[in-house]
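Architecture at a glance
Listed here are the chains, written in short residue letters.
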Amino acid sequence: MRSGERYAERMRLPAAGWLGVVVLALIAAGLSNMGDMRWWRVSASLVILVVPLVGAWWLGRLPVRVVEAEGETWLQVDDARLPMSAVADVEILEPVAYSDALGVAMHPLAFVVQRPWINRGVRVVLDDPEDPTPYWVVASRRPERLREALLSSRADAPAV
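This one's a predicted model, so the numbers in the text were calculated from it and none came from an experiment.

Rules of the game
Residues numbered from 1 in each chain as written. Predicted model: local features only at pLDDT ≥ 70, side-chain atom pairs only at ≥ 80, totals over all residues. Heavy atoms only, no water. Salt bridge = Lys/Arg side-chain N within 4 Å of Asp/Glu carboxyl O. Helix = DSSP H or I, 4+ residues; strand = E, 2+ residues; numbered from the N terminus. Buried < 20%, exposed > 50% of the residue type's maximum accessible area, 1.4 Å probe, protein only. Pairing = 2+ DSSP bridges. Axes fitted to C-alpha atoms, helices over the stretch in contact; angles between N-to-C directions. Patch = residues over 30% accessible without salt bridge, like charges linked within 9 Å, V, L, I, M, F, W, Y side chains within 5 Å. Areas by Shrake-Rupley, 256 points an atom, 1.4 Å probe, with all protein chains shown as cover. Phe/Tyr/Trp six-rings, centres within 6.5 Å; stacked < 30°, edge-to-face > 60°. Lys NZ or Arg CZ within 6 Å of the ring centre and 35° of its normal. Core = buried A, V, L, I, M, F, W, Y, C linked by side-chain atoms within 4.5 Å. Contact = heavy atoms within 4.5 Å.

1. Structural notes on the pattern of salt bridges
In total, this model carries 6 salt bridges according to the counting rule given. Here Glu68 ties to Arg6 by a salt bridge, and the two come within 2.9 Å at their closest N and O atoms. Of this pair, Glu68 sits in strand β2 (residues 63-69) while Arg6 sits in strand β1 (residues 5-10), and the two are 62 residues apart along the sequence. Look at Glu68 and you get partly exposed, because its relative accessible area is 35%. Accessibility expressed as a relative area gives 25% for Arg6, which makes it partly exposed.

Structural data, given as structure tokens:
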């Protein structure tokens, strides 16, 4: 973690997922060529091999961080930033609740960041009358630690 960070995580694809991507890309590249070694077929096979690998890397590059900056704690998910002053509550979503939160129970204006290989997360309920977004649902492999990092800013704040 960098200085000022209370929590950092990337939504990387697990090893089994990488194995699946590599195997499927190899099969697709091999079937696209079918033993014909003309340059355009070999080029197409290379593209078919590389594109899924780059896509899997790109999907897993998304960072989730809790950062202390500008005198306040911020939740950062990729380019989106949320100050803790706008947060009312942080709930841990276990697999069933997480699935429900992404399904029929989801508010249409909710901000959602999820990956199919992560089945847990947090719901960050907002308390900002000017923001139409009612809450954020963020996937996390360690939602307890993410919630703890977010709520520790409240414990550090002086009582009014």
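Read on, since the account is not over.
2. A short note on the sheet that holds strand β6 (residues 111-113)
Ordered in space as β5-β7-β8-β6, the 4 strands form an open sheet in which the pairing is mixed. What marks the edges here is a single partner per strand, and that holds for β5 (87-93) and β6. Mean inter-strand twist for the sheet, computed between neighbouring axes without regard to direction, equals 10°. In this sheet, strand β8 (residues 135-139) lies alongside strand β7 (residues 121-126) in antiparallel orientation, the contact comprising 5 bridges. Each residue of the ladder has a partner; that of Val125, found in β8, is Tyr135.

3. Re unusual backbone geometry
In terms of backbone geometry, most residues other than glycine have negative phi values and most peptide bonds are trans. Its identity as a non-glycine residue notwithstanding, Asp78 has a phi of 55°, on the positive side. Along the chain, the position of Asp78 falls in the loop between β3 (72-77) and β4 (80-83).

4. What about a nonpolar patch on the surface?
Together, Leu19, Val23, Leu24, Ile27, Leu31 and Met34 make up a nonpolar patch on the protein surface, roughly 640 Å² of accessible area in all. For Leu24, the location among the structural elements is in helix α1 (residues 15-33). Given a relative accessible area of 60%, Leu24 falls into the exposed group.

5. Some thoughts on the pairing of β8
Taking burial as the measure, the 5 residues of β8 include 5 buried ones, the bulk of the element. Residues Tyr135, Val137 and Ala139 point to one face of β8 and Trp136 and Val138 to the other, with burial holding for every one of them. The pairing of β6 with β8 spans 3 bridges and is classified as parallel. Looking at β8, one finds that Val112 is bridged to Val137.

6. Quick look at the packing of aromatic side chains
Under the counting rule described, the total for this entry stands at 2 aromatic pairs. Between Trp39 and Trp40, the ring centres sit 6.0 Å apart and the planes meet at 85°, which makes this aromatic pair edge-to-face. For Trp40, a relative accessible area of 44% corresponds to the partly exposed category. In this structure, Arg81 is placed above the aromatic ring of Trp74, and the distance from its NZ or CZ to the ring centre is 4.1 Å. Over the aromatic face of Tyr135 sits the side chain of Arg123, whose NZ or CZ is 5.3 Å from the ring centroid.

7. Overview of the nonpolar core
Counting 29 residues, the largest nonpolar core has Leu75 and Val124 as the members making the most contacts within it. Looking at this core, the elements with two or more residues in it are β2, β3, β5, α3 (95-102), β7, β8 and α4 (143-156). With 5 residues, the top contributor of residues to this core is β8. With near-sequence residues (within four places) excluded, Leu75 lies in contact with Val64, Arg65, Val66, Ala80, Arg81, Leu82, Val124, Trp136, Leu146 and Leu150.

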